[in-house]
Amino acid sequence: MTHRPGGTAAALTVAPLAERFGVRAVGEVGLTTRRIWESALEEVVRDGRDVCHLELSAVTFVDVGGADVLVDAARRLPDGRRIVLHRPPQALCRTLELFWPDLSAIEVTTS
């Protein structure tokens, strides 16, 4: 089990957005929370809408495995569909740019 300083386990909550299709995530995406992240992204892929919004302003950390799950979900989208990341952690942006620079199905926005 992954622990943060102070002995508390990492946590992640995901809830539907009220104003548009997508989810708001709060917490950390890591080994102990990856199943939650995978489930949320699987629903995005299955839904079929053209755009899914992921509000990530309250996500403090996404490990490379979590980024890989996101990329896998985006790659399974049919042409023309995309995932829009709203205010993701800077480290996630750098990871996406470094390992998957040409992935057009993921759009990053600061709004």
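Relevant structure appears above.
First, a word on what this report is: a plain description of the structure on this page. None of the values given here were measured: they were computed from a predicted structure.

A short note on the overall build of the protein chain
Then, in step 1: Looking only at helices and strands, the protein chain features three helices and five strands.
Then, in step 2: In the protein chain, the order of α-helices and β-strands from amino to carboxyl end is β-β-α-β-α-β-α-β.
Then, in step 3: For 111 residues, the compact-globule estimate of 2.2 N^0.38 gives 13 Å, and the C-alpha radius of gyration of the protein chain, at 13 Å, lies within 12% of that figure.
Then, in step 4: Along the longest, intermediate and shortest principal axes, the C-alpha atoms of the protein chain span 45 × 30 × 25 Å.
Then, in step 5: A buried classification covers 44% of the 111 residues belonging to the protein chain.
Then, in step 6: Intrachain contacts of the protein chain at a sequence separation of at least 6 include 64% that bridge at least 24 residues.
Then, in step 7: Here the protein chain displays about 6300 Å² of accessible surface, and carbon together with sulfur accounts for 52% of that area.
Then, in step 8: If the 13 positive side-chain charges of the protein chain are averaged to one point and the 15 negative ones to another, these points end up 4 Å apart.

Let's talk about the pairing of strand β3 (residues 51-62)
Then, in step 1: Bridging between strand β2 (residues 22-29) and β3 involves seven bridges; their strand directions are parallel. Bridge pairing in β3 places V26 opposite A58.
Then, in step 2: Remark: the β2/helix α1 (residues 34-47)/β3 crossover connection has right-handed handedness.
Then, in step 3: Inspection of the sheet shows β3 paired to strand β4 (residues 82-86) by five bridges, in the parallel sense. Looking across to β4, one finds that H53 is bridged to V84.
Then, in step 4: Remark: the β3/helix α2 (residues 64-75)/β4 crossover connection has right-handed handedness.

Some remarks on a nonpolar patch on the surface
Then, in step 1: A surface patch of nonpolar side chains, about 330 Å² in accessible area, is lined by V64, L98 and F99.
Then, in step 2: Mapped onto the secondary structure, L98 falls in helix α3 (residues 90-99).
Then, in step 3: According to the relative accessible area criterion, L98 is exposed, its value standing at 63%.

What to know about α2
Then, in step 1: For α2, which comprises twelve residues, the first-to-last C-alpha distance of 16 Å matches the rise-based estimate of 16 Å (1.5 Å per residue) to within 8%.
Then, in step 2: Here α2 has its buried residues at G66, A67, V69, L70, V71, A73 and A74.
Then, in step 3: The secondary structure elements touched by the buried residues of α2 are β2, α1, β3, β4, α3 and β5 (106-109).
Then, in step 4: Its side-chain oxygen at 3.3 Å from the backbone nitrogen of G65, D63 defines the N-terminal cap of α2.

Focus on the layout of surface pockets
Once rolled over the atoms, a probe with the size of a water molecule shows which space is left empty.
Then, in step 1: One number sums up the size of the largest pocket: a volume of about 160 Å³.
Then, in step 2: Every residue lining the largest pocket is listed: V14, A15, P16, F21, G22, V23, S39, A40, E43, V44 and D47.
Then, in step 3: If you list the elements that add at least two residues to the lining of the largest pocket, you get β1 (12-16), β2 and α1.
Then, in step 4: Tallying contributions element by element places α1 first for the lining of the largest pocket, with five residues.
Then, in step 5: Taken together, the residues that form the lining of the largest pocket break down as seven nonpolar, two polar and two charged.

Thresholds, definitions, all that
Residues numbered from 1 in each chain as written. Predicted model: local features only at pLDDT ≥ 70, side-chain atom pairs only at ≥ 80, totals over all residues. Heavy atoms only, no water. Helix = DSSP H or I, 4+ residues; strand = E, 2+ residues; numbered from the N terminus. Rg over C-alpha atoms; globule rule 2.2 N^0.38 Å. Buried < 20%, exposed > 50% of the residue type's maximum accessible area, 1.4 Å probe, protein only. Contact = heavy atoms within 4.5 Å. Areas by Shrake-Rupley, 256 points an atom, 1.4 Å probe, with all protein chains shown as cover. Lys, Arg positive; Asp, Glu negative; His and termini not counted. Charge placed at Lys NZ, Arg CZ, Asp CG, Glu CD. Pairing = 2+ DSSP bridges. Right-handed = clockwise from strand over helix to strand, strands pointing away. Patch = residues over 30% accessible without salt bridge, like charges linked within 9 Å, V, L, I, M, F, W, Y side chains within 5 Å. Salt bridge = Lys/Arg side-chain N within 4 Å of Asp/Glu carboxyl O. Expected span 1.5 Å × (residues − 1). Polar contact = N/O pair within 3.5 Å; in protein donor to acceptor, adjacent residues only side chain to side chain. 1 Å grid on protein atoms, 1.4 Å probe; cavity = no way out; pocket = protein on both sides within 12 Å on 5 of 7 lines; lining within 4 Å. Points joined across faces, edges and corners; volume = space filled by probe spheres on them. Nonpolar A, V, L, I, M, F, W, Y, C, P; charged D, E, K, R; others polar.

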